[in-house]
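Here are the chains, one letter per residue:
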Amino acid sequence: MSGVRPATAPVLTAPALVPALLAVVGVLVQMAFPFTDGGTFALTVASVVLFAGAALAHAWSSRGAATAALLLLVAGGGGLVAEAVGVRTGVPFGGYDYTGTLGAEALGVPVLVPLAWVMMAWPALLVARRLVGSRALRVVVAAWALTAWDVFLDPQMVDAGHWAWDDPHPALPGVDGIPLTNFAGWLLVSLVMCAVLGRLVRDPADDRTPVARDAVPVAVYLWTYFSSVLAHAVFFGRPSVALVGGVLMGLVAVPLAVHVAREARR
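Residues numbered from 1 in each chain as written. Predicted model: local features only at pLDDT ≥ 70, side-chain atom pairs only at ≥ 80, totals over all residues. Heavy atoms only, no water.

Quick look at the overall build of the chain
Looking only at helices and strands, the chain has 8 helices and 4 strands in total. Walking the chain from its N terminus toward its C terminus, one meets helices and strands in the order α-α-α-β-β-β-α-α-β-α-α-α. Against the compact-globule benchmark of 18 Å for 266 residues, the chain has a radius of gyration of 18 Å, which places it among compact chains. When its C-alpha atoms are laid out on the principal axes, the chain stretches across 55 × 35 × 35 Å. Relative to its full complement of 266 residues, the chain shows a buried share of 47%. By sequence separation, contacts in the chain at least 24 residues apart represent 74% of the contacts at least 6 residues apart. On the chain, roughly 12200 Å² of surface is accessible, and the fraction owed to carbon and sulfur atoms is 71%. Considering the chain, the positive charge centre built from 15 side chains and the negative charge centre built from 15 side chains are found 19 Å apart. (Helix = DSSP H or I, 4+ residues; strand = E, 2+ residues; numbered from the N terminus. Rg over C-alpha atoms; globule rule 2.2 N^0.38 Å. Buried < 20%, exposed > 50% of the residue type's maximum accessible area, 1.4 Å probe, protein only. Contact = heavy atoms within 4.5 Å. Areas by Shrake-Rupley, 256 points an atom, 1.4 Å probe, with all protein chains shown as cover. Lys, Arg positive; Asp, Glu negative; His and termini not counted. Charge placed at Lys NZ, Arg CZ, Asp CG, Glu CD.)

Some remarks on empty space enclosed by the protein
This structure, assessed with the given rule, holds 1 cavity of 30 Å³ or more. Approximately 40 Å³ is the volume found for the largest cavity. As for the largest cavity, its lining consists of Phe51, Ala54, Ala55, Met119, Pro123, Val216, Pro217 and Val220. Of the residues that constitute the lining of the largest cavity, the class distribution is 8 nonpolar, no polar and no charged. (1 Å grid on protein atoms, 1.4 Å probe; cavity = no way out; pocket = protein on both sides within 12 Å on 5 of 7 lines; lining within 4 Å. Points joined across faces, edges and corners; volume = space filled by probe spheres on them. Nonpolar A, V, L, I, M, F, W, Y, C, P; charged D, E, K, R; others polar.)

Here we look at helix α4 (residues 112-131)
Note: α-helices contain 3.6 residues per turn, so residues at a spacing of three or four share the same orientation. In a regular helix each residue adds 1.5 Å, so 20 residues correspond to 28 Å; α4 covers 29 Å between its end C-alpha atoms and thus fits that length. Within α4, 18 of the 20 residues are buried, which leaves it mostly tucked inside the rest of the structure. (Expected span 1.5 Å × (residues − 1).)

Topic: helix α5 (residues 135-159)
The end-to-end C-alpha separation of α5 is 37 Å, in line with the 36 Å expected for 25 residues at 1.5 Å each. At the exit of α5 stands Gly161, carrying a positive phi of roughly 85 degrees.

Description of the pattern of salt bridges
For the coordinates displayed, the defined rule picks out 3 salt bridges. Linking Arg63 and Asp214 is a salt bridge whose minimum nitrogen-to-oxygen distance equals 3.1 Å. Highlighted residues: Arg63 in helix α2 (residues 41-63) and Asp214 in the loop between α6 (180-200) and α7 (215-235), separated in sequence by 151 residues. Each member of the pair Arg63 and Asp214 is classed as buried. A salt bridge links Asp159 to Arg238; the shortest N-O distance between them is 3.0 Å. Residue Asp159 is located in helix α5, and its partner Arg238 is located in the loop between α7 and α8 (239-265); the two are separated by 79 residues in the primary sequence. Taking relative accessible area as the criterion, Arg238 reaches 14% and is therefore assigned buried. Residues joined in a network through salt bridges with shared partners are Arg63, Arg130 and Asp214. (Salt bridge = Lys/Arg side-chain N within 4 Å of Asp/Glu carboxyl O.)

Structure follows, in structure tokens:
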């Protein structure tokens, strides 16, 4: 039994409070976005850094420092490599270019971008584990959960002028300006990323734990879903994106909300 602690009722220790605090501040920052013409650079940086920090802090406090390091390496490093290859070759997302508005870069990619992969890869992985029993199917659900988020993200960032597509056709119906190749590339990268994370990040109880243990990443995923639908429908002038993204990301978020409600009743 060395190295494995027995299951206990969830207790908020000081380290466990850190991801919750980071996530709460991240939510407050994102709530300011609709009132700043799509969000200032400072708000964009703060949002990504806070939610990426929440993901890493939760991985550390709930599963150990090694897990946090793996998350940063696989999601952050993997996202950086995928984006660096993408901007140079057009593979696997299609041809696109960053416009230099997102701050410091590494390998031609804004540092914020791999952090964005970190901030949502962790919630996607844990959400899939909570909803699906089959390990193989978990990878598919996690990859879908991560890719569907980009249906909201990409239009927002393109409209804000942070990157531009060489040829945005053909596009997903209702999501003008973003080529289908982008979402195909996201799904491919997400499948690889979530498969590696799923293989390396293991839980003794096979994740059949109370939802309170993973409350922060679960809440972040649900917040991202509902706030994105609202923002595109009401504030960003993209109601069709709200509809399409609401359906695609809702395939994961709605069952998740039902699952959380059932857990709460227990």
